Amino acid sequence: MIVPLQWFIENPFENWSRNSADLMGTVFLSLDYAMPVQPLREKFARLLRQSFLWDGKTETVQVTDSNERALQIRFLMSASNSSKAWDLRCPVREGLVAFVQANYPEYLPRVRARLVDDPDAALDS
C-alpha cells in the first residue's frame with residue numbers, strides 16, 4: 001500500500017510498536033480432512049511451553065481454510081519481538097511436521113496420479 005506523506009501530516013496516527021514490539025507468528029499446515037485437530041493442539045502447546053522464545057501470551061490453533069484436497073490449519077503464537085517470532089516459528093513448524101509424520105503419516109497431503117505402463121496409451125486418454 002502506498003500512502004502519500006501528506007496523509008501522515010494531516011491525520012493523526014498511532015504507532016503501536018512504540019508501546020510494545022510483541023509480534024504474532026503463524027505456521028500453516030495442509031492436512032487431510034481425516035486428521036484429528038485435538039492432538040495437534042496438544043503437541044503445539046507442548047512445543048510452545050518447551051521454547052524460551054514464546055512469551056506465553058498467544059497460543060491458537062484454527063482450521064482456517066479447506067478445499068477439495070486438504071484442510072489448512074493455522075498455528076498462531078506470540079513472541080516479544082520479530083526476531084524471536086521468526087526463530088520460534090521454525091522449530092514449531094518442524095516439530096508439528098515431525099509429529100504428523102510419526103503419528104499420522106496417512107493424513108499428509110498427497111498428489112495422486114495414475115501410472116500407465118504404455119506411454120502411447122497415455123496420449124490416447
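First things first, this report covers the structure right here in the doc. (Residues numbered from 1 in each chain as written. Predicted model: local features only at pLDDT ≥ 70, side-chain atom pairs only at ≥ 80, totals over all residues. Heavy atoms only, no water.)

Attention now goes to the environment of Asp65. Its location among the elements puts Asp65 in strand β2 (residues 54-66). For Asp65, a relative accessible area of 43% translates into the label partly exposed. The sequence separation of Asp65 and Ser30 amounts to 35 residues, and the corresponding C-alpha distance is 9.1 Å. (Helix = DSSP H or I, 4+ residues; strand = E, 2+ residues; numbered from the N terminus. Buried < 20%, exposed > 50% of the residue type's maximum accessible area, 1.4 Å probe, protein only.)

Here the focus is the packing of aromatic side chains. What the rule picks out here adds up to three aromatic pairs. Considering the side-chain rings of Tyr104 and Tyr107, the 6.0 Å spacing of their centres and the 25° angle between planes classify their relative orientation as stacked. One aromatic cluster in this structure is built from Phe99, Tyr104 and Tyr107. (Phe/Tyr/Trp six-rings, centres within 6.5 Å; stacked < 30°, edge-to-face > 60°.)

The next subject is the environment of Asn67. For Asn67, the position within the fold is in the loop between β2 and β3 (71-79). Residues Asn67 and Tyr33 lie 34 residues apart in sequence; the distance between their C-alpha atoms is 9.6 Å. Polar side-chain contacts of Asn67 include one of 2.9 Å to the backbone nitrogen of Ala70. (Polar contact = N/O pair within 3.5 Å; in protein donor to acceptor, adjacent residues only side chain to side chain.)

Here we take up helix α2 (residues 37-50). Given a rise of 1.5 Å per residue, 14 residues ought to cover 20 Å, and the 20 Å separating the end C-alpha atoms of α2 matches this to within 8%. All of the buried residues in α2 are Val37, Pro39, Leu40, Lys43, Phe44, Ala45, Leu47 and Leu48. Buried residues along α2 sit against β1 (23-31), β2, β3 and α3 (82-103). (Expected span 1.5 Å × (residues − 1). Contact = heavy atoms within 4.5 Å.)

To continue, consider the side chain of Ser78. In this fold, Ser78 is placed in strand β3. By relative accessible area, which is 2% here, Ser78 ends up buried. At 2.4 Å, the side chain of Ser78 forms a polar contact with the side chain of Asp55. Engagement of the side chain of Ser78 in a polar contact is seen with the backbone nitrogen of Thr58, the distance being 2.9 Å.

This part is about the sheet that holds β3. Spatial strand order, β1-β3-β2: three strands in an open sheet with antiparallel pairing. The open sheet has two edge strands with one neighbour each: β1 and β2. Neighbour to neighbour, the strand axes of the sheet diverge by 20° on average, direction disregarded. Pairing of β1 with β3 involves nine bridges; the strand directions are antiparallel. (Pairing = 2+ DSSP bridges. Axes fitted to C-alpha atoms, helices over the stretch in contact; angles between N-to-C directions.)

With that settled, consider the pairing of β2. Bridge count between β2 and β3: eight bridges; the pairing is antiparallel. Bridge assignment links Gln62 to a residue of β3, and that residue is Arg74. Between the antiparallel neighbours β2 and β3 lie four residues.

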